[in-house]
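The chain contents come next:
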Amino acid sequence: AAASSSASAAQSAPQQSEEGAGAGPGACSLHLSERADWQYSQRELDAVEVFFSRTARDNRLGCMFVRCAPSSRYTLLFSHGNAVDLGQMCSFYIGLGSRINCNIFSYDYSGYGVSSGKPSEKNLYADIDAAWQALRTRYGVSPENIILYGQSIGTVPTVDLASRYECAAVILHSPLMSGLRVAFPDTRKTYCFDAFPSIDKISKVTSPVLVIHGTEDEVIDFSHGLAMYERCPRAVEPLWVEGAGHNDIELYAQYLERLKQFISHELPNS
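- If you look the protein chain up in an unreviewed UniProt entry, it shows as Alpha/beta hydrolase domain-containing protein 17C from Otolemur garnettii.
- In its Catalytic activity (unreviewed entry) section, the UniProt record describing the protein chain reads: "S-hexadecanoyl-L-cysteinyl-[protein] + H2O = L-cysteinyl-[protein] + hexadecanoate + H(+)".
- Database annotation for the protein chain, UniProt heading Sequence similarities (unreviewed entry): "Belongs to the AB hydrolase superfamily. ABHD17 family."

Following this line, the structure appears as structure tokens:
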């Protein structure tokens, strides 16, 4: 989904310098068109910083830091779903972060929005690595204050990173076991050509994990969320949203309630 100000709420300007490319701090500007879905207040705009970073696979990565809760201990490293980009997600991040009292850092996968390159499994893993490093070095956020949040395809890089680094917590929103298991639900083992084998990595995640899934998910069957939950060594009470599909969990009241409970009461906040 290409970021354009007509289709998106916000757009980062790609002509600015890039972090890691020897051209200054990598700052971009955020600007809106009159047709944008969401017209931000100046206070909201001031809370959003956009910039470019570089991945190990030499792609330019569009990044966004939303300082919704400056006094909060936690920052969500948010890996979004498939059919959106940072421009379309920005207003959601502002609303979510202010409600759950967390800052939010997000990025566009290679080939999405203003990020260069092409979407691929290897790029996904390099993308989240670059985002993790940018959050740690640019903003000085330490791993014990980072909550990894993955939604749908975003759970793939999230699980991969969480299997290699310890962090405050992991939230998996409508996760998939693997690509082949989505396409062929009767698949019982992981083949060498299977993409996104999160089911084989989740047992290596040592951080607390909250799994969220709709029982009527028409894209990634509920059984995926259940299987991922059962494999988590430190799974907390999951959120199974009765009647919810793949793209409407956020509309249910228990979604925000469970996130608040998890972050405010089940994780350390001092």
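**With respect to the sheet that holds strand 7 (residues 146-151)**
Working step 1: Across the sheet, eight strands lie side by side as 3-4-6-5-7-8-9-10; this open sheet has mixed pairing. In the strand order of this sheet, the two ends are held by strand 3 (48-54) and strand 10 (239-241), each with one partner. On average, adjacent strands in this sheet sit at an angle of 15° to one another, irrespective of strand direction.
Working step 2: In the sheet, strand 9 (residues 209-214) pairs with strand 10 via three bridges, with the strands oriented parallel. When the bridges of strand 10 are listed, His213 appears paired with Trp240.
Working step 3: Relative to the sheet, helix 3 (residues 121-139) contacts strand 3, strand 4 (60-66), strand 5 (75-79), strand 6 (103-107) and strand 7, its axis offset from that of strand 3 by approximately 120°.
Working step 4: The sheet strands contacting helix 4 (residues 155-162) are strand 5, strand 6, strand 7 and strand 8 (169-173), and the helix crosses strand 7 at an angle near 145°.

Reading the values: rules and limits
Residues numbered from 1 in each chain as written. Predicted model: local features only at pLDDT ≥ 70, side-chain atom pairs only at ≥ 80, totals over all residues. Heavy atoms only, no water. UniProt positions renumbered as here; feature names shortened; annotations may be inferred. Pairing = 2+ DSSP bridges. Helix = DSSP H or I, 4+ residues; strand = E, 2+ residues; numbered from the N terminus. Axes fitted to C-alpha atoms, helices over the stretch in contact; angles between N-to-C directions. Contact = heavy atoms within 4.5 Å.

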